[in-house]
Amino acid sequence: MAEPMPPELNRNRFPSLFEVLSRKTVAPLDLFSFYIFMRDQQRSVDYLDFWLDVSQHLQLCRLYVRRLHRSVIEDTPEMEKSSKRSSYLLDNAGEGPSGEKGNPSDQRLSAFLRSDNGSRQHSPQNSLGSDRSTPGRERPPRPSFMTLDTNSPGDSTSPGQNSSTENVPRREDLRASAEKILYTYLLPGSEREIIIPQSILHEVQEAIEGPDQRSDPELFDAAKDYVFQAMERDAFPGFLQSKGLGNLVPQSMMLRLIIGLISFFGAVWAAFILIFLDKSRPTRCWLILPFTVSIYFLFTQQYMLDPILALLGFSEYTLMDFNRIREPFVKKTLRTRSLSLLGLFLLVDAAVCALFIFVPGRRL
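Residues numbered from 1 in each chain as written. Predicted model: local features only at pLDDT ≥ 70, side-chain atom pairs only at ≥ 80, totals over all residues. Heavy atoms only, no water.

Below, the discussion takes up the UniProt feature "transmembrane region" (unreviewed entry) in the chain. As annotated in UniProt, the feature "transmembrane region" (unreviewed entry) corresponds to residues 253-277, 286-305 and 339-359 in the numbering used here. Span residues 253-277 is 96% helix and 0% strand, its end C-alpha atoms 36 Å apart. Between the end C-alpha atoms of residues 339-359 there is a gap of 30 Å, over a span that is 95% helix and 0% strand. (UniProt positions renumbered as here; feature names shortened; annotations may be inferred. Helix = DSSP H or I, 4+ residues; strand = E, 2+ residues; numbered from the N terminus.)

Structurally, the position occupied by Arg 233 is in helix α10 (residues 221-244). There is a polar contact of 3.3 Å between the side chain of Arg 233 and the side chain of Asp 234. (Polar contact = N/O pair within 3.5 Å; in protein donor to acceptor, adjacent residues only side chain to side chain.)

Looking now at the packing of aromatic side chains. Overall, the coordinates contain 17 aromatic pairs when judged by the stated rule. Geometrically, the ring pair formed by Trp 51 and Phe 228 is tilted, given 6.5 Å between the ring centres and 35° between the ring planes. Of the two residues, Trp 51 is situated in helix α3 (residues 45-75) and Phe 228 in helix α10; the sequence distance between them amounts to 177 residues. Overall, Trp 51 belongs to the buried group, its relative accessible area being 3%. Residue Phe 228 is classed as buried on the basis of its relative accessible area of 17%. Three or more aromatic residues joined by ring pairs form one cluster here, namely Phe 264, Phe 265, Phe 272, Phe 276, Phe 291 and Phe 356. The lysine or arginine in question, Lys 224, covers the ring of Trp 51, its NZ or CZ lying 4.4 Å from the ring centre. (Phe/Tyr/Trp six-rings, centres within 6.5 Å; stacked < 30°, edge-to-face > 60°. Buried < 20%, exposed > 50% of the residue type's maximum accessible area, 1.4 Å probe, protein only. Lys NZ or Arg CZ within 6 Å of the ring centre and 35° of its normal.)

The next thing to look at is the environment of Thr 184. By the secondary structure assignment, Thr 184 is in helix α8 (residues 171-186). The spacing of Thr 184 and Phe 50 is 134 residues in sequence and 8.8 Å in space, taken between C-alpha atoms.

This paragraph deals with the nonpolar core. Phe 34 and Leu 186 are the most contacted members of the largest nonpolar core, which totals 60 residues. Not counting residues up to four positions away in its chain, the partners in contact with Phe 34 are Leu 17, Val 20, Leu 21, Leu 48, Met 231, Phe 236 and Phe 239. Membership of the second largest hydrophobic core comes to six residues, among which are Cys 61, Tyr 64, Val 65 and Leu 174. (Core = buried A, V, L, I, M, F, W, Y, C linked by side-chain atoms within 4.5 Å. Contact = heavy atoms within 4.5 Å.)

A few words now on the pattern of salt bridges. If you walk through the whole model with that rule in mind, you get 11 salt bridges. A salt bridge links Arg 11 to Glu 19; its shortest N-O distance comes to 4.0 Å. Since its relative accessible area comes to 16%, Glu 19 is described here as buried. The closest approach of N and O atoms between Glu 327 and Arg 11, which form a salt bridge, is 2.9 Å. One end of the pair, Glu 327, is in the loop between β2 (321-324) and α15 (328-358); the other, Arg 11, is in the segment before α1 (17-21), and 316 residues separate them in sequence. Judged by relative accessible area, which is 1%, Glu 327 ranks as buried. Judged by its relative accessible area of 11%, Arg 11 is buried. Counted as one network, the salt bridges with shared partners bring together Arg 11, Arg 13, Glu 19 and Glu 327. (Salt bridge = Lys/Arg side-chain N within 4 Å of Asp/Glu carboxyl O.)

Moving on, we get to the packing of helix α11 (residues 250-276) against helix α13 (residues 288-303). As a packed pair, α11 and α13 sit with axes 7 Å apart at the nearest point and diverge in direction by 150°. On the basis of the axis angle, α11 is roughly antiparallel to α13. Crossing of α11 against α13: the hand is left-handed. Touching Met 253, Arg 256, Leu 257, Ile 259, Gly 260, Leu 261, Ser 263, Phe 264, Ala 267, Val 268 and Ala 271 of α11 are Pro 290, Phe 291, Val 293, Ser 294, Tyr 296, Phe 297, Leu 298, Thr 300 and Gln 301, all from α13. Of the residues contributing to the contact of α11 with α13, the split by class is 14 nonpolar, five polar and one charged. (Axes fitted to C-alpha atoms, helices over the stretch in contact; angles between N-to-C directions. Parallel < 35°, antiparallel > 145°, perpendicular 65-115°, else oblique. Left-handed = near helix turned anticlockwise from the far one by under 90°. Nonpolar A, V, L, I, M, F, W, Y, C, P; charged D, E, K, R; others polar.)

It is worth spelling out the side chain of Ser 263 at this point. When you line up the elements, Ser 263 lands in helix α11. Setting aside anything within four residues of it in sequence, one finds Ser 263 in contact with Pro 290, Val 293 and Ser 294.

Here we come to unusual backbone geometry. With omega at 5°, the peptide bond leading from Ala 27 into Pro 28 counts as cis. Notably, Arg 43 is not glycine yet its phi reads approximately 55°, a positive angle. Residue placement: Arg 43 occurs in the loop between α2 (31-40) and α3. By relative accessible area, Arg 43 is classed as exposed at 67%. Its identity is not glycine, yet Met 320 carries a phi of approximately 65°, on the positive side. Along the chain, the position of Met 320 falls in the loop between β1 (314-318) and β2.

In structure tokens form, the structure reads like this:
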């Protein structure tokens, strides 16, 4: 018996960019495919990496607050009875989907971190014994996104959410994470600089390097929203067209164009030779092979779609690297387009072959 389809996949439309970034989609419109598209075709993967790093910074802040709450409860057990409301707010600070503008849980998380910035009496460095033995330990960098498994639409895990005490974040880790984002992506001349308005850059830089020394995730909201809108406007439509309406990558389309043109000119050259040598029509039927190959490759290049591969349920990630199509709406859309393309291809192929096969021959 087939397993029931997850609710997030039961949609009769293409997913939004936020759904892709939230890992609520599957191949070929998953986050892994979007990363490859931004890297190989859009040439602006730094914007996506910035968005992912800010999202991970938010997860790090959530983990810090949860661990802080647990340490406070362990040190003062009576707090759980005397202040249930504050315990609930502290433990659930930052819960909910990240990236939603005006999310109350994210605002509560940022407000708590700002209020905790000046008060270190319950800092995890003092209340968690595991960190005392590792002074100066740096938070490990975010693993390469290319090694993450993004095929599960319900996977909400992220690096840094390990329950092991070795990965317990400290307040210094939050600040180091915020500074790394600033120095890697935002400052002029940085290693992977992205272009954002100067007003937003100045606001973020002042918040991190100023007297407040903020590290709460809310300080990146304006930059994150700007990057999200830029990707949604400039990159995401091309991604949907490439992966939602087609199944080929640009390198494959260029290769098909070259093969198609060479095959077509070869077929035309052979056809005129057979005509002017007054060869019989059965002999000219061999022209069907080169004409069919050339017209098929030219059609697939023009429509960015290989109908045979699509009907078999495959899409191309990179050149000659094919993966199963798992997004139901994409599968249905590509099947419809493939049948239409095959019908048009057979019609044109039959017309061209008939023209060169049945035309009267004349020996020169």
